[in-house]
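What the coordinates show
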Amino acid sequence: MNALCLLNHQLTENQRDELKTIFGVEAIVCPPPETADLWAQLPTDDISAELLLPFTQWIDSYASSGMPIVIQGEAGAVTALVCYCLKLGLIPLHSVTRREATETRSRETVQRSYIFRHIRFRRYALIS
């Protein structure tokens, strides 16, 4: 079985392994570069079916019922696409991470950086 992946970054090796071992994924399908670039820099316009058309068309071209799809990104677009995927019988997933912060101080300046560590994939929960 394939999995679809719509993220602003590449999956880590641990994430790929989890998709294979837990979800039985043989291949991971990412959108073409122009669609991936649009996902990374969505316009600030309202979320609409027209704005999301490149993503729904990409999903439609590969989707089959029961297929996992990893979706993370801009909250409004993610919400719309998760609902869309559920109607198609797909299994939308997101990464649960642990954030590790480091902080350095120099007089009155504080600089913080974060490392995000993947813990597991989790299905999006919908409350009815």
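I will try to describe carefully the structure that is included in this document. (Residues numbered from 1 in each chain as written. Predicted model: local features only at pLDDT ≥ 70, side-chain atom pairs only at ≥ 80, totals over all residues. Heavy atoms only, no water.)

The next thing to look at is helix α4 (residues 75-87). For α4, with 13 residues, the first-to-last C-alpha span of 19 Å sits near the 18 Å given by 1.5 Å per residue. Every buried residue belonging to α4 is among Ala77, Val78, Leu81, Val82 and Cys85, and all of these are buried. Each buried residue of α4 sits inside an arc of 130° when the element is viewed along its axis, so together they form one side. Where α4 is buried, its residues touch β1 (2-6), α2 (33-40), α3 (49-62), β3 (68-71) and β4 (91-106). The opening residue of α4, the one whose side-chain oxygen lies 3.1 Å from the backbone nitrogen of Gly76, is Glu74. Remark: Gly89 follows α4 within two positions and exhibits a positive phi of approximately 85°. (Helix = DSSP H or I, 4+ residues; strand = E, 2+ residues; numbered from the N terminus. Expected span 1.5 Å × (residues − 1). Buried < 20%, exposed > 50% of the residue type's maximum accessible area, 1.4 Å probe, protein only. Arc of directions from axis to C-beta. Contact = heavy atoms within 4.5 Å. Polar contact = N/O pair within 3.5 Å; in protein donor to acceptor, adjacent residues only side chain to side chain.)

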